[in-house]
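Residues per chain, in single letters:
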Amino acid sequence: ADDQAQERIRAARARLGSRAVLLCHHYQRADVYQHADLTGDSLKLARLASQTDAEFIVFCGVHFMAEVADILSRPEQTVILPDLAAGCSMADMANLAKVERCWRELTEVLGKPDELITPVTYINSAADLKAFCGEHGGIVCTSTNAPVILDWAFAQREKVLFFPDQHLGRWTGYKKGIPLDKMVVWDPDLEYGGLTPEQIRNARILLWKGHCSVHQMFQESHIRRWRMQHPDGLVISHPESNLDVCINSDYVGSTEYILKTITAAPPNTRWLVGTELNLVNRLAEEMKPQGKIVQFMAPTVCMCSTMQRIDPQHLAWALENLADGKVVNAIRVPPHEAELAKVALDRMLAVS
Ligand code: 13P
Ligand code: SF4
């Protein structure tokens, strides 16, 4: 069945020609990734989506990435997500109702949050949250540009509300020298985030209590044990990992950064990698001829189950429908939401 799906993808692509471009995130499974026209991390894919002329942008990634592609592409272009169930569990940890409630509670404590707090949303979030940031003088960030975005945010106002990933927010703040006790976790399921008015007033960064289920598996103890066996080895992690993992890594950065760093490293080096397994497996295979050894950080298998949903069968089905003139699984962000989200995304693209 798999071979059949591969053949169907090739045939449908041949019928579509340059009308369709296939954008692929680095976490995509090998049997999908091999069909990519262009690959990247979230920031690179956002830029690529804004630059392509193709009529159909077939997005092999997750829902929030396809939304960004829709917002940044032209109205006559259509973004297709081959399986609409490909979400992001971290993105789902924040929603508009909870963020608005947070803003209301901050208003009660601080008076005017619009003058005191810059809302920063990680790109791993729904379009309406990006719109919220657009409306309230905020901005979007990715794992690549989080440091410059944080500088921008603090240049506007004295505090930052960072959602939904507490780990990226904390690591970025830590790198900027913000004391750990000035970064407090806002629990959206508790009144006032579970914080006292004093804690809210003292905070520089309010970190939303969200995380990535894949990256939470990586622990500092994995690094410590590995280093004992491989004292010359190098450790590289994605900033969605917890602070201890990031502090104890030699390099920290986005999926594109991880790929580039290991690709450019000298031959015969050994790497421990804290990010999703599909990317690590691909790197391990590709680096073998240069004698580079690439190992996965956690003892358990952890893949991003939602990225994994984009399989050859769904891709073949979507492409065949497009080739037959039938648009399926189009991602269309409502215009009013898209307009405000674009304000926050454009701020990000201008800064980074
Ligand atoms: P990147 O932008 O680094 O590709 O990260 C996206 C993501 O979801 C990582 O889990
Ligand atoms: Fe979301 Fe984590 Fe999957 Fe990235 S790896 S898409 S943050 S669930």
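- The protein chain goes by Quinolinate synthase in an unreviewed UniProt entry, where it is assigned to Pseudothauera rhizosphaerae.
- Quoted straight from UniProt, the Subcellular location (unreviewed entry) entry for the protein chain says "Cytoplasm".
- Quoted verbatim from the Function (unreviewed entry) field of UniProt, the annotation for the protein chain is "Catalyzes the condensation of iminoaspartate with dihydroxyacetone phosphate to form quinolinate."

### What to know about the overall build of the protein chain
- Looking only at helices and strands, the protein chain has 16 helices and 13 strands in total.
- In terms of overall dimensions, the protein chain is globule-like: its C-alpha atoms have a radius of gyration of 21 Å, near the 20 Å expected for 352 residues.
- Each principal axis of the C-alpha atoms in the protein chain carries an extent, and together these give about 60 × 55 × 30 Å.
- Counting over 352 residues, the protein chain shows a buried share of 49%.
- Partitioning the contacts of the protein chain with sequence separation of at least 6, the portion at a separation of at least 24 is 68%.

### What about the pairing of strand β8 (residues 183–186)?
- In terms of strand pairing, β8 meets strand β9 (residues 205–208) through 4 bridges, oriented parallel. Residue pairing in the sheet places V185 in a bridge with L207 of β9.
- Considered for its hand, the β-α-β crossover made up of β8, helix α10 (residues 197–202) and β9 is right-handed.

### Brief notes about the packing of helix α1 (residues 2–16) against helix α15 (residues 312–323)
- Running from N to C, α1 and α15 cross one another at 30°; their axes reach a closest spacing of 8 Å. In terms of orientation, α1 and α15 fall into the roughly parallel class. Judged by the sense of rotation from one axis to the other, the crossing of α1 with α15 is left-handed. Here α1 contributes D2, A5, Q6, R8, I9, A12, R13, R15 and L16 to the contact with α15, which in turn contributes P312, Q313, L315, A316, L319, E320, L322 and A323.
- Among the residues making up the contact of α1 with α15, the classes are represented as 10 nonpolar, 2 polar and 5 charged.

### Quick look at the environment of S143
- Note that S143 resides in the loop between β6 (139–141) and α8 (146–156).
- Classification of S143 by C-beta neighbours within 10 Å gives buried; the count is 26.
- Once the C-alpha coordinates of S143 and Q28 are considered, the two residues, 115 residues apart in sequence, prove to be 18 Å apart.
- If near-sequence neighbours (up to four positions away) are discounted, S143 is found in contact with D41, L168, H238, P239, G253 and S254.

### Details of the site of ligand 2
- Near ligand 2 there are 13 residues, and of these C88, M90, C212, V214 and C304 occur at the shortest range.
- Of the domains in this structure, domain 1 (2–87 + 306–333) and domain 2 (91–213) are the two that each give at least three residues to the shell around ligand 2.

### Observations concerning the site of ligand 1
- All residues adjacent to ligand 1 are H26, D41, S42, N124, T142, S143, C212, H238, E240, S254 and T255.
- Of the residues belonging to the shell around ligand 1, the class tally is 1 nonpolar, 8 polar and 2 charged.

### Regarding the UniProt feature "binding site: iminosuccinate" (unreviewed entry) in the protein chain
- As recorded in UniProt, the feature "binding site: iminosuccinate" (unreviewed entry) lies at H25, S42, Y122, I123, N124, S143, H238, P239, E240 and T255.
- Assignment of secondary structure puts S42 in helix α3 (residues 42–51).
- Residue classification places S42 among the buried positions, given that 26 C-beta atoms sit within 10 Å.
- When sequence neighbours within four positions are dropped, the list of residues in contact with S42 reads M65, I123 and T142.
- Take P239: it is sitting in the loop between β10 (234–237) and α12 (243–247).
- Classification of P239 as buried rests on a count of 29 C-beta atoms within 10 Å.
- Beyond its immediate sequence surroundings of up to four residues, P239 is in contact with S143, H167, L168, W171, C246 and V252.

How each quantity is defined
- Residues numbered from 1 in each chain as written.
- Chains lettered and ligands numbered in written order.
- Predicted model: local features only at pLDDT ≥ 70, side-chain atom pairs only at ≥ 80, totals over all residues.
- UniProt positions renumbered as here; feature names shortened; annotations may be inferred.
- Helix = DSSP H or I, 4+ residues; strand = E, 2+ residues; numbered from the N terminus.
- Rg over C-alpha atoms; globule rule 2.2 N^0.38 Å.
- Buried ≥ 20, exposed ≤ 12 C-beta atoms within 10 Å, placed from the backbone.
- Contact = placed C-beta atoms within 7 Å.
- Pairing = 2+ DSSP bridges.
- Right-handed = clockwise from strand over helix to strand, strands pointing away.
- Axes fitted to C-alpha atoms, helices over the stretch in contact; angles between N-to-C directions.
- Parallel < 35°, antiparallel > 145°, perpendicular 65-115°, else oblique.
- Left-handed = near helix turned anticlockwise from the far one by under 90°.
- Nonpolar A, V, L, I, M, F, W, Y, C, P; charged D, E, K, R; others polar.
- Near = placed C-beta within 6 Å.
- Domains from an automatic or database assignment.

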